[in-house]
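Coordinate inspection notes
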Amino acid sequence: MDFTQLSTECFDVNQFLIAHCKNTAFKQEKEVAIAALVSRLQIYVEQINSTLQKSSLQLVAIMPQAIKEVNRMLYETRRLAEKSCELQTEISRVHHDTEEYMTSLENMETIFKKLQLAKYAMHESDGWSKIVVELDEILDQSDLNGSKEKFCLLKKSYFALENMPGHAEREAQLEYFKNKIEALATPSVAYYFEIGNVKQCADLANVFRIIDRFPQLKQSYRTMHKNILILKWIKCCETYCETDVPLFFYKMLTEFIQNQQKLCKLVFSNVHEIMDTLCETLVELRSTREYFVNNLLKKAENKFDLLTHIAKIDIQFNLDVMKKFTDQSINKNKLYCLNNAIFSYFDLFVEQYPEMEAANAGNLIKDIYVEYTDPAEIVRRLNNYNTCILKLIDDAYERCVIITQKNAMDKIYTVLKKTIAEYIHVYVEVQNMLVLKQTDMTDWNSLQYNINLMQSLGEVLRIVIQFENQYSRKDVNSDFNVDNGSPCNAAIFNEGEPHQLVSADLCLDEKNSELYLSLRHVGNVIHGHIMKTILLSIEKQLLKINYSVNSNYVNADLPDCSFVPQEYITQVGQYLLTLPQHLEPLLLIPSESLKSILCYCKNAYGKGEACADVLLNLIVEETTRLYVIKIDGITSLSPSGAKQLAVDIEYFGNVLEEIGIQLNKDLQQIIMLLRMPLDQYNTVSIGYNLRLVTMIRQKRNIVSC
């Protein structure tokens, strides 16, 4: 039996007894089971009491020894505490004595240093006057090396006497000797810089560093070489052909960079002075270079070629300069300033460039108007004009890239957009001229001219798509970029707004572009005139419709075979049957440009059907519409007139069936309504188009019930 559960906090006697009774091997009486359990519990208690008694006896036996050990530990602890207190007292005493001794030592050290400094200052003060006299004598002898060494001693003495009386006088004397040494060294500096003697220049640079005049040495270097380079510009202007002057001048500047790099690295520890010299030279020559290019422009026959030539030279020089400094640790600001100095003079012409492009584009449009003679001749020559416009766009783009590094792209976009809009207007005027020459009958030559005009307009659509993509904002890069040597004339063109980017896909939404709206409008006008030209004969025949009561002499009781189609509808039918043979040569295999403009202007052409079939369908739709309008204009129909009209419409339907087109649903219903018996009209017409039912009822004079 497990008695450990008797010691748990949650021990329950009842649960314990119940569990014990359930686990009994034999089915005994409850009293017997409980009695047995009590006996076992009494034995367990006796065992526990025996164990406790043994443990108590052992504890009583060892207790005196334990108490003795505890007392001994308490004694040792008190002894240790007393020793700790004595040690802390000793440490405090030693610290106090040591602090006093260290303070005394520090005071003595300070006094000793002051005495040494005073001794050194008195010694230097005695030597200052001697060094001054000696340095003055050496300078009178123009001994630069000797004066450099003496000046070092004088400078050392100056700093030693910095806190001594008479500092202002010594400072004035030091500045005096700096000026005399600089004056002595300056002629040699100019000479050795000019001949490029690296060793001597380095020695002189050391002298200028010692006398704290190194910035003045840099200024002397820049000034001397700037004057030399300006003289080289003047010499180039006198020696070479005017258009070659920039090329040879830049060649001299490149040679200057190459020759001076070793000297500058050794003397100045970098090549910044070369860059500063170039910047100062080019900035000083800015007005001169502007005047030079302006004179060339006045003489030039082709100003674009001249500006492109000069811009290419500038860009190439800029790239060459960048290559010279590729491996150098160059300050980005200096690089930016150098780029700006190279191109800044050209900003004047870059700013004028869009106006030049506008004038050039305007002349092209004027030439087209000047050549206006016969509209047919203009239509034949429009492809040549398209080529000229495309060339203008491509050439302007290339010029803009070279002359302005794409910074004028927004302005050129605006100029060319206006030019293309004016060119699209030429198509409007040509179309108007073709309309004025239109006769009352269908003119197949005029139709040919209109289709050719439409095809040329398709080429214009291609040109506009290319133009929008080529001059899109993503292609404009007006930010300064050291890596590609982009010029710094971007500030002139920072007000441009980004324009709509149009993909080459004709199905894109171009509703926000004025050019695309103009093209669609002109294309619809031309297409409308093509249809009008074809419909002239049909409209003329439909004017002959006459269903007056007096003309309907045929007996209404006769069968349908007694009625024959009237002349107007047979003429229309014969015309429609011959129409495919006129349209197929023109539209059977349309050019890509014609197909694109037709699809762009009319969605019907973009469904995969042949263009000739689409146009024929459109003609039939328009003919049907006109026919319905004419039928609607008939005021009254006799019974025989109604039969005649039904026969005419059926004939029209047969003609359409011959060319593969189904008769319009409205006309089909009109045929049925015209053939209905008068007395059954109101009941049989139920379910038909209410408007048509009402119209035919009125024409047949049927009373509605």
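Scroll up for the structure.
What counts and how
- Per chain, residue numbering runs from 1 following the sequence as it is written.
- Per-residue local features are limited, in this predicted model, to residues with pLDDT of at least 70; the limit for side-chain atom pairs, both in listing and counting, is 80 or more; totals at the level of whole chains, interfaces and linings are taken over all residues.
- Calculation of side-chain values draws on the structure's entire complement of heavy atoms; hydrogens and water are dropped beforehand.
- Under the scheme used here, helices are H or I runs from DSSP no shorter than 4 residues and strands are E runs no shorter than 2 residues, and both carry numbers assigned from the N terminus.
- Classification of residues uses two cut-offs on accessible area relative to the type maximum, computed with a 1.4 Å probe and protein chains only: under 20% is buried, over 50% is exposed, and between them is partly exposed.
- In what follows, a contact means two residues having at least one pair of non-hydrogen atoms within 4.5 Å.
- In this description, accessible areas are obtained by the Shrake-Rupley approach with a 1.4 Å probe, and a residue is regarded as covered only by the protein chains that are shown.
- Pairing of aromatic side chains here covers Phe, Tyr and the six-membered ring of Trp, requires ring centres within 6.5 Å, and sorts the geometry by plane angle: under 30 degrees stacked, over 60 edge-to-face, intermediate tilted.
- By definition here, charges over rings are those cases where NZ of Lys or CZ of Arg is within 6 Å of the ring centre and within 35 degrees of the ring normal.
- Working convention for charge: Lys and Arg count positive, Asp and Glu count negative, and His plus the chain ends are omitted.
- Salt bridge, as applied in this entry: a Lys or Arg side-chain nitrogen positioned within 4 Å of an Asp or Glu carboxyl oxygen.
- Pairs of N or O atoms within 3.5 Å make up the polar contacts considered here, provided that, within protein, one atom can donate a hydrogen while the other can accept it, and that residues adjacent in sequence are counted only when both atoms are side-chain atoms.
- In this text, buried Ala, Val, Leu, Ile, Met, Phe, Trp, Tyr and Cys residues form a nonpolar core when linked through side-chain atoms within 4.5 Å.
- Axis angles are defined between N-to-C directions and span 0 to 180 degrees, where every axis is a line fitted to C-alpha atoms and, for a helix, only to the segment in contact.
- The hand of a helix crossing depends on one turn: near helix anticlockwise from the far one by less than a right angle means left-handed, and clockwise means right-handed.
- Side-chain classes follow a simple rule in which Ala, Val, Leu, Ile, Met, Phe, Trp, Tyr, Cys and Pro form the nonpolar group, Asp, Glu, Lys and Arg form the charged group, and the remainder, Gly included, forms the polar group.
- Roughly parallel means an angle under 35 degrees; roughly antiparallel means over 145; roughly perpendicular covers 65 to 115; every other angle is labelled oblique.

A closer look at the overall build of the protein
A count of helices and strands for the protein gives 23 helices and zero strands. The buried share among the 705 residues of the protein stands at 40%. Long-range contacts, defined as pairs at least 24 residues apart, comprise 77% of the intrachain contacts of the protein with a sequence gap of at least 6. When the accessible surface of the protein is totalled, it reaches about 39900 Å², and 54% of it is carbon and sulfur.

Considerations on unusual backbone geometry
In this structure, Lys-406 takes a positive phi of about 75° despite not being glycine. Relative to the assigned elements, Lys-406 resides in the loop between helix H13 (375-404) and helix H14 (409-436). One non-glycine residue with positive phi stands out, namely Asn-701, at about 60°. For Asn-701, the position within the fold is in the segment after helix H23 (690-699).

With respect to the packing of aromatic side chains
Here the structure, examined in full by the defined rule, presents 17 aromatic pairs. Summarising the aromatic geometry, the rings of Tyr-240 and Phe-248 are spaced 3.9 Å apart at their centres and angled 0° between planes, so their arrangement reads as stacked. The exposure class of Tyr-240 is partly exposed, given its relative accessible area of 31%. Connected via pairs of aromatic rings, a cluster forms that spans Trp-233, Phe-249, Tyr-250, Phe-292 and Phe-317. A cation over an aromatic ring shows up here: Arg-399 above the ring of Phe-304, its NZ or CZ 4.1 Å from the ring centre. The aromatic ring of Tyr-600 is capped on one face by Arg-520, whose charged end is 4.5 Å from the ring centroid.

Brief notes about the side chain of Asp-314
Tracing the backbone through its elements, the reader meets Asp-314 in helix H10 (residues 303-324). Buried within the structure, Asp-314 lacks any salt-bridge partner; its nearest side chain of opposite charge belongs to Arg-289, at an N-O separation of 4.2 Å. Reaching out from Asp-314, the side chain makes a polar contact with the side chain of Tyr-345 at a distance of 2.8 Å. Leaving out residues up to four positions away in the same chain, Asp-314 has contacts with Tyr-250, Arg-289, Ile-342, Phe-343, Tyr-345 and Phe-346.

So, the nonpolar core
Counting 178 residues, the largest nonpolar core has Tyr-423, Tyr-471, Tyr-627, Leu-645 and Ile-649 as its most contacted members. In terms of residues, this core owes the most to one element, helix H19 (residues 611-632), which gives 12 residues. Discounting chain neighbours no more than four positions away, the residues touching Leu-645 are Tyr-547, Tyr-568, Tyr-627, Ile-631, Ile-634, Leu-637 and Leu-674.

Considerations on helix H21 (residues 665-675)
Turning to H21, its buried residues number three or more, namely Leu-667, Gln-669, Ile-670, Ile-671, Leu-673 and Leu-674. As for H21, its buried residues are in contact with H19, helix H20 (639-658), helix H22 (681-684) and H23. Taking the backbone nitrogen of Asp-666 as reference, a side-chain oxygen 2.7 Å away marks Asn-664 as the first, capping residue of H21.

Considerations on the packing of helix H5 (residues 198-210) against helix H7 (residues 245-267)
Viewed as axis vectors pointing N to C, H5 and H7 meet at an angle of 30°, and their least axial separation amounts to 9 Å. Considering how the two elements wind past one another, H5 and H7 form a crossing that is right-handed. Two secondary-structure elements touch here, H5 through Val-198, Cys-201, Ala-202, Ala-205 and Arg-209 and H7 through Leu-263, Leu-266 and Val-267. In the contact of H5 with H7, the residues fall into seven nonpolar, no polar and one charged.

Quick look at the side chain of Gln-260
With respect to the helices, strands and loops of the structure, Gln-260 is situated in helix H7. When its relative accessible area of 9% is taken as the criterion, Gln-260 is described as buried. If we skip the residues at most four places from it in the chain, Gln-260 touches Tyr-221, His-225 and Ile-274.

Here we look at the packing of helix H15 (residues 444-470) against helix H16 (residues 514-542)
If you want to describe how two helices pack, look at the angle between their axes and the distance between the axes. The geometry of H15 relative to H16 is characterised by a closest axis approach of 10 Å and an angle of 165° between their N-to-C directions. When the axes of H15 and H16 are compared, the pair comes out roughly antiparallel. For the crossing formed where H15 meets H16, the hand is left-handed. The class makeup of the residues in the contact of H15 with H16 is 17 nonpolar, six polar and one charged.

Overview of the pattern of salt bridges
What the rule picks out here adds up to 14 salt bridges. In this structure, Lys-226 engages Glu-284 in a salt bridge whose closest nitrogen and oxygen atoms are separated by 3.1 Å. Here the residue Lys-226 occupies a position in helix H6 (residues 214-239), and Glu-284 occupies one in helix H8 (residues 272-284), the gap between them amounting to 58 residues. Of the residues examined, Glu-284 reaches a relative accessible area of 44% and is grouped as partly exposed. For Arg-675, the salt bridge identified is with Glu-650, shortest N-O distance 2.8 Å. In this pair, Arg-675 is assigned in helix H21 and Glu-650 in helix H20, connecting sequence segments 25 residues apart. For Arg-675, a relative accessible area of 27% translates into the label partly exposed. Judged by relative accessible area, which is 31%, Glu-650 ranks as partly exposed. Here the salt bridges share partners, and the residues they tie into one network are Lys-218, Arg-222, Glu-273 and Glu-280.

Distances and angles like these do not, on their own, reveal function.
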